[in-house]
Amino acid sequence: MTRTTSDTTAPGLFVPPTRFAVPGRIAVSNREAALWQTATLTEVRRETPHASTFRFAVPGWAGHLPGQHLMLRLRAEDGYTAQRHYSIASAPDDAGHIELTLDHVEGGEVSGWFHTLAEPGDEVEVRGPLSGFFAWPGDRPALLIGAGSGVVPLMSMIRHHRARGLTVPLRLLVSARGPEELIYAREYGAETTPVFTRRAPEGMPVGRLTASQVAPLLADERPPGGWEAYVCGSNAFAEHASRLLVSAGQPVDRIRIERFG
Amino acid sequence: MNVTRGFTGRPRVLPHSPEGVGGAPIAGLPPGQYDAGDDWPVLSAEVTPDLTPADWSFRIDGLVAEPHTWDWAGAHALPASAYEGDIHCVTSWSKFGVRFGGVSLDAFLDVVRPDESATHAVAYSHTGYTTNLPLADLTGGRAWIAWEYEGRPLAAEHGGPARLLVPHLYFWKSAKWIAGLRLLDHDEPGFWEQNGYHARGNPWEEQRYSGD
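The present account deals with the structure reproduced in this document. Predicted, not measured: the structure shown is a model, and the values here were computed from it.

What follows concerns the sheet that holds strand β6 (residues 123–130) of chain A. Within a sheet, neighbouring strands are paired by backbone hydrogen bonds and run either parallel or antiparallel to one another. All names here are of chain A. With antiparallel pairing, the six strands of this open sheet are ordered in space as β4-β3-β6-β1-β2-β5. Two strands in the sheet have a free side with no partner beyond their single neighbour: β4 (81–87) and β5 (97–103). For this sheet, the mean angle separating the axes of adjacent strands, direction not counted, is 40 degrees. The pairing of strand β3 (residues 69–75) with β6 spans four bridges and is classified as antiparallel. Counterpart to H69 in the pairing with β6 is L130. Sheet strands in contact with helix α3 (residues 109–116) are β2 (51–57), β3, β4, β5 and β6, and its direction is about 80 degrees off that of β4.

Here's what the structure looks like:
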């Protein structure tokens, strides 16, 4: 027999005030999520002095949605394994291939291996895609805010938007210390506003993301029905950006956050 | 799986841990985890709420003899209970020897008296986040409502003023900004569980995703 909550709970119970508890938008395939697959490194592209993109052939990859992540596993000769979550950078329409963009984390045992030892032909293991929470299938206007390598899952969304020729509104605010540390700098178009916190080209302001950059997107540029907001970056950045969004009127239950560090 | 060419991993032998010699796992570190050291990453999917102790309340209802709601003072009137040990996040970091202060969940459950038919609970947060747990994982001195970390008030980004603490399961089960528990006679997936994560989340069995 199928039971629902109402079968067993009394009326008048707690109703979450923020209605954050929406189920995932995207159904996750449990079968795919449980399966480890071999991924063969085919190409390494330098993005910035500290970040590179690693392209893999994964012939059995079932596809993903922009914003989803995977788990990656490395194995040492003595059987020790290390696994990490990484956002997928590539668009879904890249049959049999996925791309990850990794920062070289100081002392990082997985990112360290990628940045100092990995070369085309090397094999690692991946499972996924995982989690439907941060995914964006391209159906609703999306306001993306990222910092540093937090732009990675957001770039998958922009690439998807472009590859499919979608017309649904899409905007990206991306923060980096300076132009040389702006990941995917060559790929941005009119949808993107970069924010430089330490060093900026002549004539551009230096400083962190401000209300004056967020508020117009929620007023003048607000699409009918409003935005789905996706925030990704360090915890400090995510706290800052999500508070700016709330202050500018974005409903808290339409802000999705991925934090790292 | 084949060995990853050139990958050795971090040094992982504890000085007083013979079982750590030769690359065997560090005692206390579940499979697939690494020691985060002093770091305590923040991983919440929602906006951190502005929730003061005066705003906070905690309710237990559902299959209980007497539903009850505690406010900050009422919860603090229960006997204090601390946890000192390790915590494990599904994203693969673990933290050794952390200390939380609060009240054992047993003390709260004694007040509401769960029905014999209650087998599971849904924990929910003041943000609306939910996570499901077998009732057996919440009783017997294995779960707490925690409001102190290392002797200080729990920070908002880590779930302060108060969070659920179920340290023997992956930490997404330890709902931040805990608002209540609803006792049920069946399992009902919560937020991450509906997003592909495992129903129980035992780190020692690597129950990360549905199907593990």
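Here the narrative resumes, following the displayed structure.
All names here are of chain B. Summarising the element assignment, T69 is placed in strand β3 (residues 68–71). Each C-alpha atom, one on T69 and one on S57, is 6.7 Å from the other, the two residues being twelve residues apart in sequence. Discounting chain neighbours no more than four positions away, the residues touching T69 are S57, F58 and R59. A distance of 3.1 Å separates the side chain of T69 from the side chain of R59, its partner in a polar contact.

Residues and elements named next belong to chain A. Counting buried positions along strand β11 (residues 255–260) yields five of six residues, so the element is predominantly enclosed. Bridge count between strand β10 (residues 228–234) and β11: six bridges; the pairing is parallel. Looking across to β11, one finds that S234 is bridged to F260. Traced from β10 through helix α6 (residues 235–247) to β11, the parallel crossover comes out right-handed.

To continue, consider the environment of T48(B). Tracing the backbone shows T48(B) in the loop between β1 (34–35) and β2 (57–62). With 110 residues separating them along the chain, T48(B) and H158(B) place their C-alpha atoms 9.0 Å apart. Beyond its immediate stretch of four places on either side in the chain, T48(B) contacts E239(A), R243(A), R259(A), A156(B), E157(B) and W177(B). In this structure the side chain of T48(B) is engaged in a polar contact, spanning 2.4 Å, whose partner is the side chain of E239(A).

Moving on, we get to the state of the cysteines. One way to say it: the disulfide is the covalent bond shared by the sulfur atoms of two cysteines. Taken as a whole and judged by the stated rule, the model has zero disulfides over all chains. Not engaged in a disulfide, the cysteine C232(A) finds its nearest cysteine sulfur in C89(B); these two sulfurs lie 15 Å apart. Look at C232(A) and you get buried, because its relative accessible area is 2%. Assessed through its relative accessible area of 8%, C89(B) is described here as buried.

With that settled, the discussion passes to the side chain of Q207(B). Residues and elements named next belong to chain B. Inspection of the secondary structure assignment puts Q207 in the segment after β11 (178–184). According to the relative accessible area criterion, Q207 is buried, its value standing at 11%. Polar contacts involving the side chain of Q207 include one to the main-chain amide nitrogen of N202, which spans 2.8 Å. In this structure the side chain of Q207 is engaged in a polar contact, spanning 3.0 Å, whose partner is the side chain of E205.

The rules we used
- Residues numbered from 1 in each chain as written.
- Chains lettered and ligands numbered in written order.
- Predicted model: local features only at pLDDT ≥ 70, side-chain atom pairs only at ≥ 80, totals over all residues.
- Heavy atoms only, no water.
- Pairing = 2+ DSSP bridges.
- Helix = DSSP H or I, 4+ residues; strand = E, 2+ residues; numbered from the N terminus.
- Axes fitted to C-alpha atoms, helices over the stretch in contact; angles between N-to-C directions.
- Contact = heavy atoms within 4.5 Å.
- Polar contact = N/O pair within 3.5 Å; in protein donor to acceptor, adjacent residues only side chain to side chain.
- Buried < 20%, exposed > 50% of the residue type's maximum accessible area, 1.4 Å probe, protein only.
- Right-handed = clockwise from strand over helix to strand, strands pointing away.
- Disulfide = S-S within 2.5 Å.

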